[in-house]
Amino acid sequence: MRIDIPEGQEPIPYVWGDMVPGIGEAASNFSLAVYAHTTLGLREFEAARLRIAQINGCVFCLDWRTERDGEKVEDTFPDAVTQWRTTDVFDDRTRLAAEYAERYALDHHNLDDAFWARMTAHYSQAEIVELSMSIGSWLAFGRLNHVLGLDTVCVLPKP
């Protein structure tokens, strides 16, 4: 870890709460809201989330699987996300979610009219905003945890 954690303190609550209480609590609430209030389907949600985890290299995020009503994506899903361009197991929305996540993180200046035409053909404007905010959350907080070395001790708190 890149941050010194006092003896007896849990790393995530200490860094996100005790060190920066005004910021950390708000960040935590935003991070949890992405999961608690999503309207996106599980597969497109996980495709975007996992693509960001792959880009960030966040150990916890790579191992995490979102569960909804007792359902999770299949065990081979992360490999399909890596191969989002060519996999035959994604529908258009899921493929676009993975593509958008990658381009949002690595090439956001080149999201051109052709891309947006594809997005708006498959996602409502509200869904695009929700997906954008979710990707932003995962990019920021997964990267923060990885950069500070917290991703090996990260536990997502229950909402």
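Let us look at the structure shown here. Since we're looking at a predicted model, the values are computed, not measured.

**Observations concerning the packing of helix H6 (residues 92-106) against helix H7 (residues 113-122)**
Link 1 in the chain: Relative to each other, H6 and H7 sit at 140°, their axes nearing to 10 Å. As the angle between them shows, H6 and H7 are arranged oblique. When the axes of H6 and H7 are compared, the crossing they make is left-handed. Residues Asp92, Arg93, Leu96, Glu99, Tyr100 and Arg103 of H6 form the contact with H7, whose participating residues are Phe115, Trp116, Arg118, Met119 and His122.
Link 2 in the chain: Class assignment for the residues of the contact of H6 with H7 results in five nonpolar, one polar and five charged.

**Examining a nonpolar patch on the surface**
Link 1 in the chain: On the surface, Met19, Val20 and Ile23 cluster together into a nonpolar patch covering about 270 Å² of accessible area.
Link 2 in the chain: Position of methionine 19 relative to the elements: it lies in helix H1 (residues 11-19).

**Things to note about the pattern of salt bridges**
Link 1 in the chain: This structure, assessed with the given rule, holds nine salt bridges.
Link 2 in the chain: Of the charged contacts in the structure, one is a salt bridge between arginine 49 and glutamate 46, with a shortest N-O distance of 2.6 Å. Of this pair, arginine 49 and glutamate 46 both sit in helix H3 (residues 42-56), separated by three residues, roughly a single helical turn.
Link 3 in the chain: For arginine 49, a relative accessible area of 2% puts it in the buried group.
Link 4 in the chain: Here glutamate 102 ties to arginine 85 by a salt bridge, and the two come within 2.7 Å at their closest N and O atoms. In this pair, glutamate 102 sits in helix H6 while arginine 85 sits in the loop between helix H5 (77-82) and H6, placing the two residues 17 residues apart along the sequence.
Link 5 in the chain: Since its relative accessible area comes to 54%, arginine 85 is described here as exposed.
Link 6 in the chain: Among the ionic contacts, a cluster of salt bridges with common partners joins Glu44, Arg93 and Glu127.

Cut-off values and rules
Residues numbered from 1 in each chain as written. Predicted model: local features only at pLDDT ≥ 70, side-chain atom pairs only at ≥ 80, totals over all residues. Heavy atoms only, no water. Axes fitted to C-alpha atoms, helices over the stretch in contact; angles between N-to-C directions. Helix = DSSP H or I, 4+ residues; strand = E, 2+ residues; numbered from the N terminus. Parallel < 35°, antiparallel > 145°, perpendicular 65-115°, else oblique. Left-handed = near helix turned anticlockwise from the far one by under 90°. Contact = heavy atoms within 4.5 Å. Nonpolar A, V, L, I, M, F, W, Y, C, P; charged D, E, K, R; others polar. Patch = residues over 30% accessible without salt bridge, like charges linked within 9 Å, V, L, I, M, F, W, Y side chains within 5 Å. Areas by Shrake-Rupley, 256 points an atom, 1.4 Å probe, with all protein chains shown as cover. Salt bridge = Lys/Arg side-chain N within 4 Å of Asp/Glu carboxyl O. Buried < 20%, exposed > 50% of the residue type's maximum accessible area, 1.4 Å probe, protein only.

Such coordinate-based values are descriptive only and should not be taken to indicate function.
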